[in-house]
Amino acid sequence: MVSVHRLQDPSDAQIEELTQLLLIAHDGLIVPRMMSDSRKDIEEKWHRSGVRIGALEGRIWVVYDPSYTPGPNTVGAPIVAVVVAFGPGAMPMASEAQRALGRDYFDCLSAEGKKWQNETFYPLMEKLVEESGGEEKVVDSWLTILLATDPVHQRKGYASALLREVKQAAVEDGSIVTLFTFSDELEAYYLSQGFTVEGKIDIPSPLGNWVHREMMWVNAGGAQQEPL
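Since the structure is predicted, the reported quantities are computational estimates derived from the model, not experimental observations.

Student: Residue-level account of helix H7 (residues 158-173), with values.
Tutor: Helix length check: H7, at 16 residues, gives a terminal C-alpha distance of 23 Å against a target of 22 Å (1.5 Å per residue), a fit within 8%. All of the buried residues along H7 are Tyr158, Ala159, Ser160, Ala161, Leu162, Leu163, Val166, Lys167, Ala169 and Ala170. Of the surrounding elements, those touching the buried residues of H7 are strand S2 (59-64), strand S3 (79-86), strand S4 (142-149), strand S5 (177-181), helix H8 (184-192) and strand S7 (210-217). Just beyond H7, the residue with positive phi is Gly174, at close to 70 degrees.

Student: Could you give an account of the UniProt feature "domain: N-acetyltransferase" (unreviewed entry) in the protein chain, with specific residues and numbers?
Tutor: Under the UniProt annotation, "domain: N-acetyltransferase" (unreviewed entry) lies at residues 147-220. Taken end to end, residues 147-220 is 34% helix and 32% strand, and its first and last C-alpha atoms sit 24 Å apart.

Student: Pulling in residues and values, what's your account of the packing of aromatic side chains?
Tutor: Overall, the coordinates contain 6 aromatic pairs when judged by the stated rule. Judged by centre distance (6.1 Å) and plane angle (55 degrees), the ring pair of Trp116 and Trp210 falls under tilted. A residue pair is termed long-range when its members are at least 10 positions apart, and Trp116 in helix H5 (residues 111-131) and Trp210 in strand S7 qualify at 94 residues. Of the residues examined, Trp210 reaches a relative accessible area of 6% and is grouped as buried. Where Tyr189 meets Tyr190, the ring centres are 5.3 Å apart and the plane angle is 65 degrees; that geometry is what we call edge-to-face. Overall, Tyr189 belongs to the partly exposed group, its relative accessible area being 24%. An aromatic cluster is defined as three or more aromatic residues linked by ring pairs; in this entry it consists of Trp116, Phe121, Tyr122 and Trp210.

Student: Report on the pairing of S3, specifying residues and quantitative values.
Tutor: Summarising burial for S3: 8 of the 8 residues are buried, a large majority. Bridge count for S2 against S3 is 6 bridges, and the pairing is antiparallel. The residue bridging Arg59 from the neighbouring strand is Ala85, located in S3.

Student: Can you lay out the packing of helix H4 (residues 96-108) against H5 for me, pointing to particular residues and giving the numbers?
Tutor: Contact geometry for H4 and H5: axes closest at 8 Å, N-to-C directions at 115 degrees. On the basis of the axis angle, H4 is roughly perpendicular to H5. Contacts between H4 and H5 pair Tyr105, Phe106 and Asp107 from the former with Lys114, Gln117 and Asn118 from the latter. When its residues are assigned to classes, the contact of H4 with H5 shows 2 nonpolar, 2 polar and 2 charged.

Student: Can you explain unusual backbone geometry? Please cite residues and give values.
Tutor: Backbone geometry places Asp37, a non-glycine residue, at a positive phi of 60 degrees. Take Asp37: its relative accessible area is 23%, and that puts it in the partly exposed class. Not every positive phi belongs to a glycine, and Met93 is a case in point at roughly 60 degrees. Overall, the relative accessible area of 31% leaves Met93 in the partly exposed class.

Student: Could you give me a rundown of the nonpolar core, with the residues and numbers involved?
Tutor: As a rule of thumb, soluble globular proteins bury nonpolar side chains together. Counting residues in hydrophobic clusters, the biggest one holds 23 residues, and the most contacted among them are Trp61, Trp142, Leu162 and Phe195. When contributions to this core are tallied by element, the ones reaching two or more residues are S2, S3, S4, H7, S5 and S7. No other element matches the 8 residues that H7 contributes to this core.

Student: Describe the pattern of salt bridges, and please don't skip the residues or the numbers.
Tutor: Summed over the entire model, instances satisfying the criterion amount to 13 salt bridges. Its salt-bridge partner being Glu96, residue Arg103 comes within 2.8 Å of it at the nearest N-O pair. Overall, the relative accessible area of 39% leaves Arg103 in the partly exposed class. Through salt bridges with shared partners, one network takes in Asp184, Glu187, Lys200 and Arg213.

Cut-off values and rules
- Residues numbered from 1 in each chain as written.
- Predicted model: local features only at pLDDT ≥ 70, side-chain atom pairs only at ≥ 80, totals over all residues.
- Heavy atoms only, no water.
- Helix = DSSP H or I, 4+ residues; strand = E, 2+ residues; numbered from the N terminus.
- Expected span 1.5 Å × (residues − 1).
- Buried < 20%, exposed > 50% of the residue type's maximum accessible area, 1.4 Å probe, protein only.
- Contact = heavy atoms within 4.5 Å.
- UniProt positions renumbered as here; feature names shortened; annotations may be inferred.
- Phe/Tyr/Trp six-rings, centres within 6.5 Å; stacked < 30°, edge-to-face > 60°.
- Pairing = 2+ DSSP bridges.
- Axes fitted to C-alpha atoms, helices over the stretch in contact; angles between N-to-C directions.
- Parallel < 35°, antiparallel > 145°, perpendicular 65-115°, else oblique.
- Nonpolar A, V, L, I, M, F, W, Y, C, P; charged D, E, K, R; others polar.
- Core = buried A, V, L, I, M, F, W, Y, C linked by side-chain atoms within 4.5 Å.
- Salt bridge = Lys/Arg side-chain N within 4 Å of Asp/Glu carboxyl O.

Right, dumping it as structure tokens:
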């Protein structure tokens with residue numbers, strides 16, 4: 001059984017630990033590259049802002065390395081997997097406080113990067129959401145924005161255990177879980193976790209095109225339910 005912990009009020013050191021975990025886990029993926037001008041220093045700021053806004057108005061769950069043996073000068077077990085999600089009524093970058101935490105990232109983007117986000121990516125994301133049931137459905141759900149496992153610790157069930165925590169939160173709220181993903185491999189994984197594809201849209205970019213998906217998990221006792 002994987003032990004999952006809710007991380008409340010993370011320290012600066014824990015925020016940095018999660019930022020580095022995300023950098024490693026998402027290395028080379030097209031979406032982080034496009035959101036950061038293909039610059040690791042900007043991608044680091046992007047991941048850090050995601051963790052910080054999750055700590056501020058969302059919820060963070062983590063898995064600590066179960067094989068860790070503490071030494072005399074160590075602080076605690078390293079985090080090897082993380083999920084960041086926003087509950088019903090809370091959305092990423094929807095408040096001024098969240099936007100203030102993301103300003104350092106956005107200010108570092110090139111003019112071309114900002115233009116691509118504002119004129120291509122976000123308008124197409126809005127179209128995807130509208131065609132997949134509308135914004136209200138997403139706002140009223142548990143929206144998962146980050147899920148990552150250290151590559152050394154993948155295929156141990158950590159991501160699935162983290163998703164179960166988000167699903168349980170949705171069950172308790174009487175809501176659903178939504179997320180967005182961008183590859184066939186990730187779509188197949190989320191399908192195996194009981195999600196369904198609600199919509200797809202082609203995203204063009206200077207690094208190549210991809211298909212963005214909106215996916216949903218519903219605890220309704222039917223085909224869309226996965227036992228917790």
